[in-house]
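Summary of structural features
The chain contents come next:
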Amino acid sequence: MSCHAPGAGSGATATAERPAGTPFVALVGNPNVGKSTLFNALTGAHQRVGNWPGKTVSVAQGDWRTPGGRPLRIADLPGSYSLLPDSPDEALVRDVLTAPAGERPDTVVFALDAANPARNLYLLSQILDTDIPVVVALTMTDVAARRGAPPGPDALARELALPVVRVEGRSGTGLDLLADAVWDALDTGSRRPGRTSAWAAGSSVAAELAELAAAASGLTPHPARWLAVSLLCGEEPPAVPAALAERAGAAADRLAAEARATGKAAAEGDTGTGTGLDLDTDTDAELLVAEARYAWAHAVIERAAPRPAGARPTLTDRVDRLLLSRGFGIPFFLAVMWGVFQATTVLAKPLQDGLGDFVAGPVSGGADRLLEAVHAPGWLTGLLVDGLINGVGQLLTFVPLMIIMFLLLALLEDSGYFARAAFVADRLMRTLRLPGRAFLPLVVGFGCNVPALAGTRILNRRSHRMLVGLLIPYMSCTARLAVYVMIAGVFFGSNSGTVVFFLYVASVLLVVGMGLILRPLLFRDMKEEPLVLELPPYRLPTLRVTGAQVWQKLSAFLRTAGGIIVATAAGVWLLMAIPAAAGHGGFGKVDVEQSVFGTVTRATAPLVAPAGFGDWHATAALGTGLIAKEGVISTLAQTYSAEEDGDPKLTASLHATFEESSGGHQRAAALAFLVFILAYTPCFATLAAQRAEIGTRLTVIGFGIQLAAAWLLSVGVFQIARLVW
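Residues numbered from 1 in each chain as written. Predicted model: local features only at pLDDT ≥ 70, side-chain atom pairs only at ≥ 80, totals over all residues. Heavy atoms only, no water.

Of regular secondary structure, the protein possesses 29 helices and 7 strands. Across the 725 residues in the protein, those meeting the buried criterion constitute 52%. Counting only contacts in the protein whose residues sit at least 6 apart along the sequence, the fraction spanning at least 24 positions is 73%. If you sum the accessible surface of the protein, you get close to 30100 Å²; carbon and sulfur atoms cover 61% of it. (Helix = DSSP H or I, 4+ residues; strand = E, 2+ residues; numbered from the N terminus. Buried < 20%, exposed > 50% of the residue type's maximum accessible area, 1.4 Å probe, protein only. Contact = heavy atoms within 4.5 Å. Areas by Shrake-Rupley, 256 points an atom, 1.4 Å probe, with all protein chains shown as cover.)

Pasting the structure below:
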């Protein structure tokens, strides 16, 4: 086990924003240990998410109101396995915890998963080297209890010489005790002398490490012991004197030589000692440090919670044998997602119909009568009623759908199943020579492509990040979902859920297909790497956590969509109000087809005629959809409303349009239209995010490929489907 990532150098110092005099607490832990749930319980609504100063990594910070009203500033640092980083997220954690003394956190709350303590203690041993006071928050104790004898807080506190508090973020258990322990650590310190070096005691690296730490003391603003370990493992922290680096290199060489000699002697039977590693020719100091840390971790666990003989597999283990199996894993995942989409469309339809009638009737009619009563000019009535109310109203009818979709997905995530999707997809990802963890940002793309592109930073290799960054725009985001449901509901009725499911399956297949095409063209030297993933235990979702996730996603969608829709609706109405040439009416009184908007979209309609939807209404919607897919629905509503001067009758209008443009094959044309929506560029925001993550050149290449793929696929789908419909 390597204790560092080659090429992961130290970054610039990172600091938190905090009011003067307010202690700063860093919440640290491995991924999937209940850390973010604990953070939400500690901060409630007093939190915000943004990039860490000087970094591109997003971090949640908040105010922790402890008993007695004393405030703490707390940051939920990204889940990390090591302070010798293998990703930008881990590099941020390293930079925060090893910053100069005045800029480091005042204390660390370390979330330790009682059900998987060994890997957690490995990271804890590194944090202890930073000389920051530590309080251990023991999580997942219920899961550990079901697996056997869990490590208790008293036993762990005795072995670690640290305060250990059992907490449950979902129920709030132990939070007051955790606050007391943190304040005690801030006031008095949380370690006994000498315990920071406990992991190295008795190991082959202990003497060399002690000498290096003594030599490093005071030479740099970074923690001396952490600096000594980093140098011994081959890291190159900034501003290290050359003499110290040379001394560390010589120490590392001596340790490696001694370990190889010991291993050779043990193999020949000349000694009864051994290290447990394959000490042949590749042994180096970093392996010895890793072994010492893990040996310490296992010794702590053995003393704190001896595992009972004959321990039985847990329910999670038994379920995973089935759901992660080669033959059942992928079919079960597809069945679950089909159920989600089918339930979403069926349950949301009555609510959507009711909201649609309300917007088209009382809201639009009332606004029209009010504007008429105050003698508002015709252009203002057109802007407000035909533009804003009609466009925004159509989007709001999809709020019930979004709530149901986000609720079902949150239940799957909170139950622990979604993490299994990455494992199930590992074999699929390997066809592209991508690691299974690449599926995680792709899954995020089902929500929104922009954060999914930021999520590519979890991938270690640049070529992996570049390829996944090109593939993410093919993942169907929630903005596309609203379009899918509307068009599928109009043309496919009770089968709309199956059609939407087909589009999501097609999205995954498109990702795989484009990956197989792009990888040999742009990334010939891409190498595979193994999947390392923590699978959380299955658990019953809680109302509070699930509700918070649904509200967070829904509010973010509405904030983003609301601004886009208002701007798009106003812009489209303005273009529809301006005549394209003299003699076709004045401002606000021109026929839509003779407006600037109608003229441009009518000119582009022949380009998609082979796909069966060569009508200006459809190309208008695709044009605004390039800005943001939320604009597709409002544009369709606006163009039909403006053309018919009254109730849009959107369903009947769409049937008539696609019937004419397709030559009587409206279902085939509707399916081709949906495939085009799936395959072409999601929005301008995605292009901006792509440029930031993968560069201008690849973004331009990807944009061209998306348009070409959308046209080819939609034409192919229509030409084949017209033989059936």
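Turning our eyes to something else, we now look at a nonpolar patch on the surface. A surface patch of nonpolar side chains, amounting to about 360 Å² of accessible area, comprises Trp-379, Leu-574, Ile-578 and Phe-587. By the element assignment, Leu-574 lies in helix H22 (residues 543-577). (Patch = residues over 30% accessible without salt bridge, like charges linked within 9 Å, V, L, I, M, F, W, Y side chains within 5 Å. Salt bridge = Lys/Arg side-chain N within 4 Å of Asp/Glu carboxyl O.)

Okay, unusual backbone geometry next. With a phi close to 70 degrees, Asp-131 is a non-glycine residue in the positive phi region. Note on placement: Asp-131 falls in the loop between helix H3 (117-128) and strand S6 (134-139). In the Ramachandran plot, Met-140 falls in the positive-phi region, its phi being about 55 degrees despite a non-glycine side chain. Judged by relative accessible area, Met-140 falls into the buried class, the value being 11%.

With respect to the helices and strands, Gln-690 occurs in helix H28 (residues 684-694). Here the side chain of Gln-690 touches Gly-469 through a polar contact of 3.0 Å, landing on its backbone oxygen. Dropping the residues within four chain positions of it, Gln-690 is found in contact with Leu-453, Gly-469, Leu-470, Pro-473, Gly-695, Thr-699 and Gln-706. (Polar contact = N/O pair within 3.5 Å; in protein donor to acceptor, adjacent residues only side chain to side chain.)

Taken together, the side chains of Asp-176, Asp-180, Asp-184 and Asp-187 define an acidic patch exposed on the protein surface. When you line up the elements, Asp-180 lands in helix H6 (residues 175-188). Since its relative accessible area comes to 44%, Asp-180 is described here as partly exposed. (Lys, Arg positive; Asp, Glu negative; His and termini not counted. Charge placed at Lys NZ, Arg CZ, Asp CG, Glu CD.)

Glancing now at the pattern of salt bridges. Within the structure shown, the criterion is met by 8 salt bridges. Here Asp-129 ties to Arg-225 by a salt bridge, and the two come within 3.2 Å at their closest N and O atoms. Here the residue Asp-129 occupies a position in the loop between H3 and S6, and Arg-225 occupies one in helix H8 (residues 224-232), the gap between them amounting to 96 residues. Between Arg-293 and Asp-129 there is a salt bridge whose closest N-O contact spans 3.1 Å.

Here we take up the nonpolar core. Among the nonpolar cores identified, the biggest contains 93 residues, and Ile-487, Phe-613, Leu-636 and Leu-654 are the most heavily contacted of them. Among the elements that line this core, the one with the most residues is helix H27 (residues 666-679), at 12 residues. Each residue touching Phe-613, except ones within four places of it in the same chain, is listed here: Val-608, Ala-618, Leu-622, Phe-658, Ser-661, Ala-669, Ala-672, Phe-673, Phe-676 and Ser-714. In terms of nonpolar packing, the next biggest core, distinct from the first, is built from 63 residues, Leu-97, Ala-155, Leu-156 and Val-229 among them. (Core = buried A, V, L, I, M, F, W, Y, C linked by side-chain atoms within 4.5 Å.)

This paragraph deals with the confidence of the model for the protein. Summarising the model, the protein shows a mean pLDDT of 77, and 78% of its residues fall at 70 or more. Taken element by element, the protein is modelled with least confidence in strand S2 (residues 47-51), mean pLDDT 56, and with most confidence in H27, mean pLDDT 94. In the model, residues 1-15 has pLDDT below 50 throughout and makes 48 contacts with residues more than four positions away in sequence or in other chains. Within the model, the stretch residues 270-282 combines pLDDT values under 50 with 18 contacts to residues more than four positions away or in other chains. (pLDDT = per-residue confidence, 0-100.)

Looking along a regular strand, one sees the side chains alternate between the two faces of the sheet. Of all 7 residues in strand S5 (residues 107-113), 7 are buried, a share of seventy percent or more. Side chains Thr-107, Val-109, Ala-111 and Asp-113 project from S5 onto one buried face, and the interleaved Val-108, Phe-110 and Leu-112 project onto a second face that is buried too. As paired elements, strand S1 (residues 24-29) and S5 share 5 bridges and run parallel to each other. What sits directly across from Val-28, in S5, is Phe-110. Where S5 and S6 come together, 6 bridges link them in parallel fashion. (Pairing = 2+ DSSP bridges.)

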